[in-house]
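Chain and residue survey
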Amino acid sequence: MTIKASCHCKATTFEVSQAPQTVTQCTCSFCSKRGSLWAYYLPSQFKLTSPPENVSVYQWGSKTVKHGFCATCGCGTFTETPDWSTGEPDFDNPKISVNSRLFDDFDLDKVEVVVIDGKNLW
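So, here is what we can say about the structure in this document. (Residues numbered from 1 in each chain as written. Predicted model: local features only at pLDDT ≥ 70, side-chain atom pairs only at ≥ 80, totals over all residues. Heavy atoms only, no water.)

1. Examining the side chain of N54
- Relative to the assigned elements, N54 resides in the loop between β5 (46–48) and β6 (55–58).
- At 2.6 Å, the side chain of N54 forms a polar contact with the backbone oxygen of A11.
- If we skip the residues at most four places from it in the chain, N54 touches A11, T12, F69, C70 and A71. (Helix = DSSP H or I, 4+ residues; strand = E, 2+ residues; numbered from the N terminus. Polar contact = N/O pair within 3.5 Å; in protein donor to acceptor, adjacent residues only side chain to side chain. Contact = heavy atoms within 4.5 Å.)

Here it is as structure tokens:
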């Protein structure tokens, strides 16, 4: 089941290969201000369907994670990140986290929201 997503102005579009089982609300300073609900995918499950130049990137702190946003309207779109499941960055197992609030024609209210304490974890 492919799910399509788009930013507010539709200049940045992407799709993922399946619906998320859960989405994550992170309480870190960046995610709290951005308001995203993250769904996690392998790079092979994600496809950018708009020109790459429509995406700008923000990096902060260790510059380990690339936070994408639409270069036109500014909506936070997706991030490129190492796997952090062990508490340390695993660069051999990259992940794409997508802002599930951008999913088109998808009922996000039916997906469980998992809250992680990013404010105190990193």
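2. Observations concerning the pairing of strand β7 (residues 66–70)
- For β6 and β7, the ladder comprises four bridges, and the chain directions are antiparallel. Each residue of the ladder has a partner; that of Y58, found in β7, is H67.
- Across three bridges, β7 lies against strand β8 (residues 76–83) in antiparallel orientation. Pairing of H67 across the sheet is with T79, part of β8. (Pairing = 2+ DSSP bridges.)

3. Details of the packing of aromatic side chains
- Summed over the entire model, instances satisfying the criterion amount to six aromatic pairs.
- With a centroid separation of 5.4 Å and 80° between ring planes, the pair formed by F103 and F106 is classed as edge-to-face.
- You can call F106 partly exposed: its relative accessible area is 22%.
- Through pairs of rings, three or more aromatic residues link up here, namely F14, F46 and F78. (Phe/Tyr/Trp six-rings, centres within 6.5 Å; stacked < 30°, edge-to-face > 60°. Buried < 20%, exposed > 50% of the residue type's maximum accessible area, 1.4 Å probe, protein only.)

4. Remarks on the sheet that holds strand β2 (residues 13–16)
- Reading across from one edge, β1-β2-β5 is the order of the three strands in this open sheet, with antiparallel pairing throughout. A strand with exactly one partner marks an edge of an open sheet, and here the two such strands are β1 (3–6) and β5. Taking the axes of each pair of neighbouring strands and ignoring which way they run, one obtains an average angle of 20° across the sheet.
- Where β1 lies against β2, four bridges are found, and the strand directions are antiparallel. Directly across from A5, in β2, lies its bridge partner F14. (Axes fitted to C-alpha atoms, helices over the stretch in contact; angles between N-to-C directions.)

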